[in-house]
Amino acid sequence: MKSLAELQAIRDKMKNSMNVRDDNGNKIRVVVGMATCGIAAGARPVLNGFTEEVAKRNLDNVTVTQTGCIGICQYEPVVEVYTPDGEKTTYVKMTAEKVAKVVTDHLVNGKVVSEYTIGSVAK
Amino acid sequence: MYRSHILVCGGTGCTSSGSEQIISTLEQELAKNGLEKEVKVIKTGCFGLCALGPIMIVYPEGSFYSMVKSEDIPEIVSEHLLKGRIVKRLLYSETVTEDTVKSLNETDFYKKQHRVALKNCGVINPENIDEYIALDGYQALGKVLTEMKPQEVIEVIKESGLRGRGGGGFPTGLKWQFAAGNESDQKYVCCNADEGDPGAFMDRSVLEGDPHVLIEAMSIAGYAIGATKGYVYVRAEYPIAVKRLQIAINQAKEYGLLGQHIFGTDFCFDMELRLGAGAFVCGEETALMTSIEGHRGEPRPRPPFPAVKGLFGKPTILNNVETYANIPQIILKGASWFNSMGTEKSKGTKVFALGGKIHNTGLVEVPMGTTLREIIEEIGGGIPNGKKFKAAQTGGPSGGCIPAEMIDIKIDYDNLIAIGSMMGSGGLIVMDEDTCMVDIAKFFLEFTVDESCGKCAPCRIGTKRMYEMLSQICKGNATLEDLDKLEELCYEIKAGSLCGLGQTAPNPVLSTLKYYRHEYEAHVVDKKCPAGVCKDLLSFEIIADKCKGCTLCSRVCPVGAIQGTVKNPHSIDKSKCIKCGACIEKCRFDAIVKK
C-alpha cells in the first residue's frame, strides 16, 4: 500500500458489493415476486437482470430483493419499485429485456416506464 | 454481483452450537438449487445474541433467523431464497410482530445498544481485508500517517477521554504520552488479548469478528509513541481468534499495511502473535511482558512502569483489545464525537458479556452510564422462569456484587468502584434468588487460588486461607468471629499483594460481606443456607400431607434413601441422603422441600 488513493480504490470497489447488507430506508427498493407463479412465468432472469444492471451502473442507492406471491398471478413476473418517499410502481409481465429500460428510465432518471406498468396493461 | 448475502455467525458461541455445519449445508443446498452465483454466504464474527445461536441474517431483507438447525436449511433455501417467502417460524421472535417483520436493529436487544468497539462484528467477513477496508478500515491509519504528527495523535486520544477497557480504567492518552516521552532506540506496542475473567469474552469476539481493527489501532499507537514493533499476547484457548488474527496479519502484510514505509511514509511497523498458555496472571501487564520475553509469567513490582521500562527493558505500552478497537474511530470521527457519549469521567461505550440467569446471554455494547436495570431488563430480556433478580457480579474475580436494590446504578468506572465492585473487563453475571452469595464468593476465590502465580505470600497463602474459611462457612462450621477474621484478612491481602491479581482477589468476599452479611450470618448462626445451595446445611424432607405415594421419588433416588409403600406418604432417611435434588425434580406434588 503505497498511497491513500490505493486504499480508496479498494474501498470504493468493495463498498458496492457490500451494499446489499445495508438496510437503511433511504434507498430505492426493487422487489421481484418470486412465488411459484412468478418463477414459472420467468421471474428469475428478471431478478438476476436487475442485480446485474444495478451492479454495472454502480447504483448504490438501489437494493434488489424478492417477495412471495403478490396475488396477481396472471400478470407475473411482477416487479414493484419503492422509492424512499413511499411511492410504489408495479411493473407486470416483466422480461429480462424490459429490465434495462426500467433501470435507466426509472431507477436512474426517476421516470416511470408507464407502458410496462399494471395500469397500462389492465386497460 | 450477488443479489443476496447470508451472514452466518462464526463466533465461538455459534461455532460450538454448529454454525460450521450450517454453512456447509447452506452451500450444498444453494448449489443444488443453482443459486451459488446469486447468493453469497459470509462467515462473520459474533452478533451478540449468543443464547440464540446458531444465527444468520439474510440480506437485503435483513431477516434474522435464530437457533437454526441443518434440517432447516433446505426450507430457508427453497422458501426464502428461491421464492422470497420468509420462514417465519425460524425468525427471532422479537423481530416478529402481528403483521410485520422488524429489522434486528429495532428489537429491544439492539435498540438501546450503541456499537463502537463491536461496529464490524457480525457485519463483515473477518477473513477478508477488503470488507474491512470497505467500511473505512485503515482510513484512520492513513490519516495519522499523512496528516498528523505523533503528538497530535496523542492529543486526540487524551481529549477523547478514552480509558483502558481491560480493568483499571487508566486514561489511554496519558499512557501513550508517557511512552512517547521516553527516548529509546526501540519501543514496543503490546496488546493484552489474554482475557481470563470468568464470564468475559468481548476481546475474543473483537478478535474473531474484526481482527483488522486491532492491527490498525496498534499501528496508530506505534506511530504515536515511536514504536516499530507490536506484540499481541493472545490466549491459546481462543483458537478461532488466533487463526483469524494470523490471517489478518498476513493480509495486512501482503497489502503493505504492515511492514516498511506504510502509505509511502517513513513509518515502519510490524506485528507478531504470542500465545499465552492459559495462566490468569499473564493478563497482568508486567507478567504478560515477562511471558512474551520467554520467561515464566510472573509479575514484578512497579515502578518502573512499562512506559519507562517494559518489554525487553524498553518503553512499552500495553492496552487491551477493546481499548484498541475504539482508536480508529476516534481518529476518524474526532475526540468530541467520542466524549459526547458516556458520563463525566467515563467516556464512550462499554461492551458487557451478559451471562448467568438472564434471557439474552451474549454481548452488548452500551454508552457508559447506562443503568444496570436497562441492561438486565430491557436489553437482557430479564430473568428467566419468573425468578427475582438478586445481584449482578461485575469485573470477574477482581470485582464484586451489585445488590438488587442498586439496580438503578449508572454503570461507569467510578460508580462501580464506589460500591466496591469494578468494571474489570466487563463480565456481567446475573444472579437470581437461587444463588447463594457465600457460595459465589467461594467460587471466585477458588479461581484465584488456582490462578495465583505464587510469587508473593499474601496472594499465595492468603487467598488459600480465605478459601478455607469460606468453605467452613458453607459447611456451617464457622463463628461470627471468623467473619471478622475473614474481613481483616481481606484487607491484609489487598494491601500486601504484589500485583493486581492479589490486590483485587478479596473483592468478591468484601462486596458480598458488605451487602449480604445476613446471608453469611445465616450460615454461621442458624446453620442455614437461605438460597438452598450449600449442601451441608440442607436437609430434604417429605411433607406427608402432600405426598400421594406415587413412588416416583424413591425410584429416582440414586442411594435408596427414600422409603415408603404405594399410596402411602414416603420418608427420607437423612443419614443416607446425598442431597442431589433428583427427588425434588421428579415430584409432581411439591411434596419434597429443601430446608
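Note that the coordinates shown come from a computational prediction; the quantities given were computed from them, not determined experimentally.

1. So, the overall build of chain A
Along the backbone of chain A there are five helices and four strands. Taken from N to C terminus, the helices and strands of chain A fall in the order α-β-α-α-β-β-β-α-α. Dimensions of chain A along its principal axes, counting C-alpha atoms only, are 60 × 30 × 25 Å. Going through the 123 residues of chain A one by one, you find that 48% of them count as buried. A sequence separation of at least 24 residues applies to 63% of the contacts in chain A between residues at least 6 apart. In the form shown here, chain A has an accessible surface area of approximately 5900 Å², with 51% of it arising from carbon and sulfur atoms. Across chain A, the centroid of the 16 positively charged side chains sits 2 Å from that of the 14 negatively charged ones.

2. Focus on the overall build of chain B
From N to C terminus, chain B includes 24 helices and 17 strands. Out of the 595 residues belonging to chain B, those deemed buried represent 58%. When contacts within chain B are restricted to residue pairs at least 6 apart in sequence, those whose partners lie at least 24 apart make up 69%. Carbon and sulfur atoms provide 50% of the accessible area of chain B, an area that totals close to 23000 Å².

3. A look at the pairing of strand E6 (residues 229-235) of chain B
Residues and elements named next belong to chain B. Where burial is concerned, most of E6 is hidden: seven out of the seven residues are buried. Alternating positions in E6 separate into two faces, Lys229, Tyr231, Tyr233 and Arg235 on one and Gly230, Val232 and Val234 on the other, with burial throughout. In terms of strand pairing, strand E5 (residues 188-193) meets E6 through six bridges, oriented parallel. Among the inter-strand pairings, Ala193 is bridged to a residue of E6, identified as Val234. Pairing geometry for E6 and strand E7 (residues 270-276), over seven bridges, is parallel. Considered in E7, the bridge of Val234 is made with Leu275.

4. Considerations on the packing of helix H17 (residues 437-451) of chain B against helix H22 (residues 517-524) of chain B
All names here are of chain B. One can describe the packing of H17 onto H22 by two numbers: an axis separation of 8 Å at closest approach and a directional angle of 95°. Overall, the two elements H17 and H22 adopt an arrangement that is roughly perpendicular. Where H17 approaches H22, its residues Met437, Val438 and Ala441 are matched on the opposing element by Glu519, Tyr520 and His523. By residue class, the composition of the contact of H17 with H22 is four nonpolar, one polar and one charged.

5. Notes on the interface of chain A and chain B
Taken residue by residue, the interface counts 31 residues in chain A and 43 residues in chain B. Contact between chain A and chain B buries roughly 3000 Å² in total, counting both sides, with carbon and sulfur atoms accounting for 58%. Viewed at the interface, chain B and chain A are joined by two salt bridges. Residue Arg44 of chain A pairs with Glu38 of chain B through a salt bridge whose shortest N-O separation is 2.9 Å. Summed over the shared surface of chain A and chain B, the number is nine residue pairs in polar contact (both at pLDDT 80 or more).

6. Some thoughts on the confidence of the model for chain A
When pLDDT is averaged across chain A, the result is 87; 96% of the residues are at 70 or more. Per-element mean pLDDT across chain A ranges from 77 in helix H5 (residues 118-122) of chain A up to 93 in helix H4 (residues 96-108) of chain A.

7. A word on a nonpolar patch on the surface
A cluster of nonpolar residues, Phe170, Leu174 and Phe178 of chain B, forms a patch on the protein surface that exposes about 270 Å² of accessible area. Tracing the chain through its elements places Phe170 of chain B in the loop between helix H7 (150-160) and helix H8 (172-181).

8. A few points about the nonpolar core
Residue and element names in this part refer to chain B. Membership of the largest hydrophobic core comes to 79 residues, with the highest contact counts inside it found for Tyr138, Trp176, Val232 and Tyr324. Per-element tally for this core: the top contributor is helix H10 (residues 211-225), with ten residues. In contact with Trp176, other than residues within four places in its own chain, are Val153, Ile154, Ile157, Ala221, Ala224, Ile225, Ile317, Asn319, Tyr324 and Ile327. Formed by 46 residues, the second largest nonpolar core is a distinct cluster that contains Tyr59, Phe64, Leu104 and Ile407.

9. Side note on the environment of Pro558 of chain B
Residue and element names in this part refer to chain B. Turning to its location among the elements, Pro558 is positioned in the loop between helix H23 (552-556) and strand E15 (562-563). Pro558 gets classed as exposed once you look at its relative accessible area, which sits at 55%. Taking the C-alpha atoms as reference points, Pro558 and Lys111, separated by 447 residues in sequence, lie 48 Å from one another. In this structure, Pro558 is in contact with Ile578 and Cys580, ignoring residues within four places of it in sequence.

10. A closer look at the sheet that holds strand E8 (residues 316-320) of chain B
Residue and element names in this part refer to chain B. One open sheet holds the four strands; their spatial order is E7-E6-E5-E8, and the pairing between them is parallel. The open sheet is flanked by E7 and E8, the only strands paired with a single partner. Here the strands of the sheet are splayed against their neighbours by 20° on average, with no regard to which way each runs. Looking at chain direction, E5 and E8 are connected through five bridges and run parallel. Looking at E8, one finds that Asn192 is bridged to Asn320. Contacting E5 and E8, helix H13 (residues 321-333) runs over the sheet at an angle of about 95° to E8.

11. Some remarks on the packing of H17 of chain B against helix H18 (residues 457-475) of chain B
Residue and element names in this part refer to chain B. Here H17 crosses H18 at 150°, and the two axes come no closer than 9 Å. Considering their axes alone, H17 and H18 lie roughly antiparallel with respect to each other. Handedness of the crossing formed by H17 with H18: left-handed. Residues Val438, Asp439, Ala441, Lys442, Leu445, Glu446, Thr448 and Val449 of H17 form the contact with H18, whose own contacting residues are Thr463, Lys464, Met466, Tyr467, Leu470, Ser471, Ile473 and Cys474.

12. Brief notes about the sheet that holds strand E11 (residues 389-394) of chain B
Strand pairing in a sheet takes place through backbone hydrogen bonds and is either antiparallel or parallel in direction. All names here are of chain B. Spatially, five strands are ordered E10-E9-E13-E11-E12 in an open sheet, and the strand pairing comes out mixed. Strands at the two margins of the open sheet, each flanked by one partner only, are strand E10 (362-367) and strand E12 (400-403). Between one strand axis and the next, the sheet turns by 30° as a mean value, whatever way the strands run. Where E11 and E12 come together, four bridges link them in antiparallel fashion. Among the inter-strand pairings, Ala391 is bridged to a residue of E12, identified as Pro403.

13. A closer look at unusual backbone geometry
For residues that are not glycine, phi is negative in most cases, and the peptide bond is trans in most cases. All names here are of chain B. Of note, the bond from Gly53 into Pro54 is cis; its omega dihedral lies within 30 degrees of zero at -10°. Of note, Pro54 is situated in the loop between strand E2 (39-44) and strand E3 (56-59). Look at the link from Pro303 to Pro304: it is a cis peptide, with omega at 0°. Relative to the assigned elements, Pro304 resides in the loop between helix H12 (285-292) and E8. In this structure, Phe263 is a non-glycine residue whose phi angle is positive, near 55°.

14. Observations regarding the state of the cysteines
All names here are of chain B. All told, the structure shown has zero disulfides over all chains when counted by the stated rule. Free cysteine: Cys436, not disulfide-bonded; nearest cysteine sulfur from Cys529 at 3.7 Å. Looking at the unpaired Cys577, the closest cysteine sulfur is the one in Cys583, lying at 6.4 Å.

15. Structural notes on the packing of aromatic side chains
Taken as a whole and judged by the stated rule, the model has eleven aromatic pairs over all chains. Where Phe47 of chain B meets Phe64 of chain B, the ring centres are 6.3 Å apart and the plane angle is 70°; that geometry is what we call edge-to-face. Here Phe47 of chain B, found in the loop between E2 and E3, pairs with Phe64 of chain B, found in strand E4 (residues 63-65); they are 17 residues apart in sequence, far enough to count as distant. Residue Phe47 of chain B is classed as buried on the basis of its relative accessible area, which comes to 4%. Put simply, the rings of Phe47, Phe64 and Tyr92 of chain B pair up and form one aromatic cluster. In this structure, Lys98 of chain A is placed above the aromatic ring of Tyr116 of chain A, and the distance from its NZ or CZ to the ring centre is 4.9 Å.

The rules behind these values
Residues numbered from 1 in each chain as written. Chains lettered and ligands numbered in written order. Predicted model: local features only at pLDDT ≥ 70, side-chain atom pairs only at ≥ 80, totals over all residues. Heavy atoms only, no water. Helix = DSSP H or I, 4+ residues; strand = E, 2+ residues; numbered from the N terminus. Buried < 20%, exposed > 50% of the residue type's maximum accessible area, 1.4 Å probe, protein only. Contact = heavy atoms within 4.5 Å. Areas by Shrake-Rupley, 256 points an atom, 1.4 Å probe, with all protein chains shown as cover. Lys, Arg positive; Asp, Glu negative; His and termini not counted. Charge placed at Lys NZ, Arg CZ, Asp CG, Glu CD. Pairing = 2+ DSSP bridges. Axes fitted to C-alpha atoms, helices over the stretch in contact; angles between N-to-C directions. Parallel < 35°, antiparallel > 145°, perpendicular 65-115°, else oblique. Nonpolar A, V, L, I, M, F, W, Y, C, P; charged D, E, K, R; others polar. Buried area = accessible area lost by both parts, 1.4 Å probe. Salt bridge = Lys/Arg side-chain N within 4 Å of Asp/Glu carboxyl O. Polar contact = N/O pair within 3.5 Å; in protein donor to acceptor, adjacent residues only side chain to side chain. pLDDT = per-residue confidence, 0-100. Patch = residues over 30% accessible without salt bridge, like charges linked within 9 Å, V, L, I, M, F, W, Y side chains within 5 Å. Core = buried A, V, L, I, M, F, W, Y, C linked by side-chain atoms within 4.5 Å. Left-handed = near helix turned anticlockwise from the far one by under 90°. Disulfide = S-S within 2.5 Å. Phe/Tyr/Trp six-rings, centres within 6.5 Å; stacked < 30°, edge-to-face > 60°. Lys NZ or Arg CZ within 6 Å of the ring centre and 35° of its normal.

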